[in-house]
There are 2 protein chains.
Amino acid sequence: MSPPGEESCIPTDEALERPSTRDRILDVALELFVQSGFDGTSLRVIAERLGITKAALYYYFASKDDMLMALHMRVHEFGREAITSMGDEPVTLEAWSELVRGVMDQMMAQRKLFLLHERNQAAIEKLHRQQHMEAHEDLESNFRKILSDSRVPLHDRVRMAGAFGVVFACLFLSGDAFASVANEELRALVHDAVEAILKR
Amino acid sequence: MSPPGEESCIPTDEALERPSTRDRILDVALELFVQSGFDGTSLRVIAERLGITKAALYYYFASKDDMLMALHMRVHEFGREAITSMGDEPVTLEAWSELVRGVMDQMMAQRKLFLLHERNQAAIEKLHRQQHMEAHEDLESNFRKILSDSRVPLHDRVRMAGAFGVVFACLFLSGDAFASVANEELRALVHDAVEAILKR
DNA sequence: GTCTATATTTCGATAGAC
DNA sequence: GTCTATCGAAATATAGAC
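Residues numbered from 1 in each chain as written. Chains lettered and ligands numbered in written order. Predicted model: local features only at pLDDT ≥ 70, side-chain atom pairs only at ≥ 80, totals over all residues. Heavy atoms only, no water.

**Observations concerning the domain arrangement of chain A**
Residue and element names in this part refer to chain A.
Then comes step 1: Split into domains, chain A comes out as domain 1 (13-61) and domain 2 (70-198).
Then comes step 2: Placing a centre on the C-alpha atoms of domain 1 and another on those of domain 2 gives a separation of 27 Å.
Then comes step 3: Together domain 1 and domain 2 conceal approximately 930 Å² of surface at their shared face, both sides included; 65% is due to carbon and sulfur atoms.
Then comes step 4: The interface formed by domain 1 and domain 2 contains 3 salt bridges.
Then comes step 5: Of the charged contacts, one joins Asp 23 and Arg 74 as a salt bridge, the two residues approaching to 3.7 Å between their closest N and O atoms.
Then comes step 6: At the surface where domain 1 touches domain 2, the tally comes to 4 residue pairs in polar contact (both at pLDDT 80 or more). (Domains from an automatic or database assignment. Buried area = accessible area lost by both parts, 1.4 Å probe. Salt bridge = Lys/Arg side-chain N within 4 Å of Asp/Glu carboxyl O. Polar contact = N/O pair within 3.5 Å; in protein donor to acceptor, adjacent residues only side chain to side chain.)

See the structure below:
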């Protein structure tokens, strides 16, 4: 009993601790949700890959949706600071360039988490509806809100959306076309392209 | 009996004919697959919205997958000419600009069809696996093949991917942020942004 | 914490009348 | 072409022993 929620990570014995069962479940779930989609992944295969049974999963998660929610929350942490750093004043192209660069770094570091969102939009939106998460403040809704800010010239907003699209296309839409390119080299090339689109 | 396949459209009586039941089914399915995802849409709700029963759907389609496949094929027609127009010689930035412009027009005209693909990648990939569609020649696989062509400088390939991302972000990732903008105005602004990224 | 066993539901699909 | 009725499969989720 007393199923563990999102426990605070108090390192009891230095950096010796292996990932908890809960985290191992989430790692496997993330892998499979990206590969086969949320709906295409049954609890049975998740359990099988972990070497446990379906029922054991329910000790850690109240439902399958709960797993998706836990993974969804992981992404939030990243987007939060980046987005909230922009206040309510109109965004400038220079500030946007800075933001896009930061988001790109996070996307490269947490590739799978962002792929999860790209490939399971329907399932995640369903979650949002069920849990009445109104003022949810996630990355893409804030992204869209900024792009709707009529105080910023339309020309600039299109460039801002486009700059983000450059990153998105190079990291995700391109599949593994750039997989053989070193991270630093790709980062520099993408950043130059972003600059080209945001420069006046 | 004799369930109708993809019939050739011989206009029997001028432009008088209303959409066939088969097409009405596909229209509703497209709407719902985009809204709730393929897996999140049951045949029951499709039938209900059409005012018929589940069983009636099977007169027109052999399976639910068959519906998705029919919609998938609709997109193919668009991408084909655009992609096959580029032969096997290395793509230039100028040719790519032309191609991106054409794809953008098709995306604006057939928005829902492209949304279907963006939001149901997992389901469509599963289709491809089951039907062993190897040399499938669809839009995104050709897109990725071109971006992997090592005869083109990496710098240019990143720009090409980015240019496509600009379109993608402005039309899809931005949601309805640009919904109030006239098509022609948006088209011009996006194209300028694409030019900025493809210009040497 | 993990198991076996089972309840419950929903969905895709089929059979056959009309 | 569309219906009623039903099948069979697979999934999520629960109960309770260990």
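Read on, since the account is not over.
**Here we look at the pattern of salt bridges**
Residues and elements named next belong to chain A.
Then comes step 1: Counting across every chain of the model gives 20 salt bridges over all chains.
Then comes step 2: Across the salt bridge formed by Asp 156 and Arg 200, the nearest N and O atoms sit 3.7 Å from each other. Separated by 44 residues along the polypeptide, Asp 156 in helix α9 (residues 154-173) and Arg 200 in the segment after α10 (183-198) bring together distant segments of the chain.
Then comes step 3: For Asp 156, a relative accessible area of 10% translates into the label buried.
Then comes step 4: The exposure class assigned to Arg 200 is exposed, which follows from its relative accessible area of 71%.
Then comes step 5: Here the salt bridges do not stand alone but share partners, grouping Asp 23, Asp 27 and Arg 74 into one network. (Helix = DSSP H or I, 4+ residues; strand = E, 2+ residues; numbered from the N terminus. Buried < 20%, exposed > 50% of the residue type's maximum accessible area, 1.4 Å probe, protein only.)

**Comments concerning the packing of helix α8 (residues 139-147) of chain B against helix α9 (residues 154-173) of chain B**
Residue and element names in this part refer to chain B.
Then comes step 1: At a closest axis distance of 9 Å, the pairing of α8 and α9 adopts a crossing angle of 155°. One element, α8, and the other, α9, form an angle in the roughly antiparallel class. Between α8 and α9, the contacting residues are Phe 143, Ile 146 and Leu 147 on the first element and Arg 157, Met 160, Ala 161 and Phe 164 on the second.
Then comes step 2: Considered class by class, the residues forming the contact of α8 with α9 number 6 nonpolar, no polar and 1 charged. (Axes fitted to C-alpha atoms, helices over the stretch in contact; angles between N-to-C directions. Parallel < 35°, antiparallel > 145°, perpendicular 65-115°, else oblique. Contact = heavy atoms within 4.5 Å. Nonpolar A, V, L, I, M, F, W, Y, C, P; charged D, E, K, R; others polar.)

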